[in-house]
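Survey of secondary and tertiary structure
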Amino acid sequence: MGREGVGALALTFLFVASCAPATAIPTLDLAVGFEHACVLREGRAICWGDDRFGQLGRSEASESPRAPAPLLDALEVIDVAAGGSSTCVLDRLGIVRCVGLNRHGQRGDGSTDSRATLGLVHGLPPASAITVGADHACAIASGRVYCWGWNGTGQVGVDGSGDVLTPHRVEGVNDALAIVAGYLDTCAIERDETLVCWGALHGAPTAWGRANAVAIGVDHVCAIREDETRCLGAEPG
């Protein structure tokens, strides 16, 4: 998830869900939220686990965990992203749609209404990659990064701490190749391997050297550059 084109970067999401394992499903991509997970298979996003906020896209939410099944009305999907209690899909036309919890506007439709059916992210140019954090989401469109949802620590890239209900372009990122959203931070890797991050640890978008891959935890960020790993944030314990 959150990657584009040849030389795709392996990005580790920050949460591992504890849900019943899926049956053996050949998969091209894996996305994991708080308590649900999705895989991409033959153009369909197949999801399972917690569905209390409708994040599995089955038209109605459920208090009981669900077995793997495709998101309804999600065809020709090329990327799937899960985070918190929300899910987003990207189709081959560059259209992004999201489903699930929406208390901070992470569906990107201008509302804070949670829904169990996929809804279009408003005002987003055709995208090439997506990522979903705990309560916010981002996409790459023509190298530029757009984010929406909870901005409590600046992780959407907007001054202030209010919710952002529709996509906002992150200034200072113009040639992004990969994007990953965490809990309090967001990072992008540009085509020249420049790592740019913003949020709790970095404030406004800030270049943080070069990297081939990046992963974000709750309160730390780690990046890989060839055979070197660097981390910033809270130390273990």
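Residues numbered from 1 in each chain as written. Predicted model: local features only at pLDDT ≥ 70, side-chain atom pairs only at ≥ 80, totals over all residues. Heavy atoms only, no water.

1. Some thoughts on the packing of aromatic side chains
The test is simple: For Phe, Tyr and Trp, rings pair up if their centres lie within 6.5 Å, where Trp contributes its six-membered ring, and each pair is then called stacked (planes under 30 degrees apart), edge-to-face (over 60) or tilted (otherwise). Helix and strand labels come from DSSP, where a helix needs a run of H or I of at least four residues and a strand needs a run of E of at least two; each type is numbered from the N terminus. Think of it in three bands: with a 1.4 Å probe and only protein chains considered, a residue is buried below 20% of the maximum accessible area for its type, exposed above 50%, and partly exposed in between. In our convention, an over-ring charge means Lys NZ or Arg CZ found within 6 Å of a ring centre and within 35 degrees of that ring's normal.
Inspection of the entire model under this criterion finds one aromatic pair. Arranged with centres 5.9 Å apart and planes meeting at 45°, the rings of Trp150 and Tyr183 form a pair that is tilted. A residue pair is termed long-range when its members are at least 10 positions apart, and Trp150 in the loop between strand E11 (144-149) and strand E12 (164-169) and Tyr183 in the loop between strand E13 (176-181) and strand E14 (185-190) qualify at 33 residues. With relative accessibility at 28%, the residue Tyr183 sits in the partly exposed group. If you follow Arg230 out to its NZ or CZ, it ends over the ring of Trp208, 4.9 Å from the centre.

2. Remarks on the pattern of salt bridges
Put simply, the rule reads: The working definition used for a salt bridge is a side-chain nitrogen of Lys or Arg within 4 Å of a carboxyl oxygen of Asp or Glu.
Per the stated rule, a full pass over the model turns up nine salt bridges. Note that Asp109 is salt-bridged to Arg107, the shortest N-O span being 3.4 Å. The salt bridge involving Glu193 is made with Arg225; its shortest N-O contact spans 2.0 Å. Separated by 32 residues along the polypeptide, Glu193 in the loop between E14 and strand E15 (194-199) and Arg225 in strand E18 (residues 220-225) bring together distant segments of the chain. Among the residues examined, Arg225 registers a relative accessible area of 25% and is labelled partly exposed. Several salt bridges share partner residues, and in doing so they unite Glu35, Asp50 and Arg52 into one network.

3. Here's the deal with the confidence of the model for the protein chain
Close reading of the predicted structure is inappropriate where its pLDDT is low. The criterion, for reference: The predictor rates its confidence in each residue with pLDDT, a number between 0 and 100. Two residues form a contact once any of their heavy atoms are found within 4.5 Å.
For the protein chain, mean pLDDT is 88; residues scoring 70 or higher make up 87% of the total. Counting contacts from residues 4-25, a segment whose pLDDT is below 50, to residues more than four positions away or on other chains yields 58 contacts.

4. A few points about the sheet that holds strand E1 (residues 29-32)
Put simply, the test is: Two strands are counted as paired when DSSP detects at least two bridges linking them. Angular values range over 0 to 180 degrees, each being the angle between N-to-C directions of two axes fitted as lines to C-alpha atoms, with helices fitted over their stretch in contact.
Read across the sheet, four strands follow the order E1-E2-E3-E4 without closing on themselves; strand pairing throughout is antiparallel. Because the sheet does not close on itself, it has two edges, and the strands there are E1 and strand E4 (62-70). Neighbour-to-neighbour, the strand axes of this sheet turn through a mean angle of 15°, independent of strand direction. Sheet analysis places strand E2 (residues 36-41) next to strand E3 (residues 44-51), joined by six bridges and oriented antiparallel. Paired with Val39 across the strands is Ile46, a residue of E3.

5. Describing the sheet that holds strand E17 (residues 213-216)
Read across the open sheet, the three strands follow the order E17-E18-E19; overall the sheet is antiparallel. Every other strand in the sheet has two partners, leaving E17 and strand E19 (228-233) as the edge strands with one partner each. Neighbouring strand axes in the sheet, compared pairwise and without regard to direction, differ in orientation by 15° on average. With six bridges connecting them, E18 and E19 associate as antiparallel partners. Pairing of Val221 across the sheet is with Leu232, part of E19.

6. Observations concerning the environment of Ser161
Within the secondary structure, Ser161 sits in the loop between E11 and E12. Between the C-alpha atom of Ser161 and that of Trp150, which follows or precedes it by eleven residues, the distance is 7.9 Å. Excluding anything up to four places from it in sequence, Ser161 contacts Asn151 and Gly152.

7. Some points on a nonpolar patch on the surface
This is how it is decided: Each patch is built from salt-bridge-free residues with over 30% relative accessible area, joining like charges within 9 Å and nonpolar side chains (Val, Leu, Ile, Met, Phe, Trp, Tyr) within 5 Å. To be clear on the numbers: accessible area is Shrake-Rupley with a 1.4 Å probe, and residue cover counts the displayed protein chains and nothing else.
A contiguous nonpolar patch, built from Leu93, Ile95 and Leu120 and spanning about 270 Å² of accessible area, is present on the exposed surface. Mapped onto the fold, Ile95 is located in the loop between strand E6 (86-91) and strand E7 (96-100). Ile95 gets classed as partly exposed once you look at its relative accessible area, which sits at 35%.

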